[in-house]
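Structural description and commentary
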Amino acid sequence: TRISPLSPQTQSSGINAEYGDITTGTMATDGPSVNTTRFTPAHEATLAARDGVVREFASRYCNVIEQLNLTSTRWMEDESKWSKQWANSIVHVRNLYKPT
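Residues numbered from 1 in each chain as written. Predicted model: local features only at pLDDT ≥ 70, side-chain atom pairs only at ≥ 80, totals over all residues. Heavy atoms only, no water.

Before going further, it helps to spend a moment on the overall build of the chain. A count of helices and strands for the chain gives two helices and three strands. If you list the helices and strands of the chain from N to C, you get β-α-β-β-α. At a minimum sequence separation of 6, the contacts of the chain that also span at least 24 residues come to 30%. Summing over all exposed atoms, the chain offers an accessible surface of approximately 8800 Å²; the carbon and sulfur share of this is 59%. (Helix = DSSP H or I, 4+ residues; strand = E, 2+ residues; numbered from the N terminus. Contact = heavy atoms within 4.5 Å. Areas by Shrake-Rupley, 256 points an atom, 1.4 Å probe, with all protein chains shown as cover.)

As structure tokens, then:
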């Protein structure tokens, strides 16, 4: 799943502003850079903070997806086990009442 901006300003400006792949937690760093004369340390700090938040969100997202997959797998195994036990119980009861 790729994250891209929804802002019409970035879409109409022709800037390739993809943020990265959320499933792997990697940031997109390739693309055209925009140089301005007003790039200050505050801008750098803001960008660093933004990148940190995106990385943390991606990490948490990946952890949640991993936990969901583990839980789903466990539930599917439990369902399979109970289905097999139910089928075995039906066979056992039928064998009890089968005429000899």
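Here the distance between the centres and the angle between the planes together describe a pair of aromatic rings. Applying the stated criterion across every chain, the model contains one aromatic pair. Here F57 and Y61 contribute two aromatic rings whose centre-to-centre distance is 6.3 Å and whose plane-to-plane angle is 25 degrees, an arrangement assigned as stacked. In this pair, F57 and Y61 both sit in helix 2 (residues 41–96), four residues apart, roughly one turn of the helix. For Y61, a relative accessible area of 31% translates into the label partly exposed. (Phe/Tyr/Trp six-rings, centres within 6.5 Å; stacked < 30°, edge-to-face > 60°. Buried < 20%, exposed > 50% of the residue type's maximum accessible area, 1.4 Å probe, protein only.)

Residues F57, Y61, V64, I65 and L68 make up a contiguous nonpolar surface patch of roughly 450 Å² in combined accessible area. With respect to the helices, strands and loops of the structure, L68 is situated in helix 2. (Patch = residues over 30% accessible without salt bridge, like charges linked within 9 Å, V, L, I, M, F, W, Y side chains within 5 Å. Salt bridge = Lys/Arg side-chain N within 4 Å of Asp/Glu carboxyl O.)

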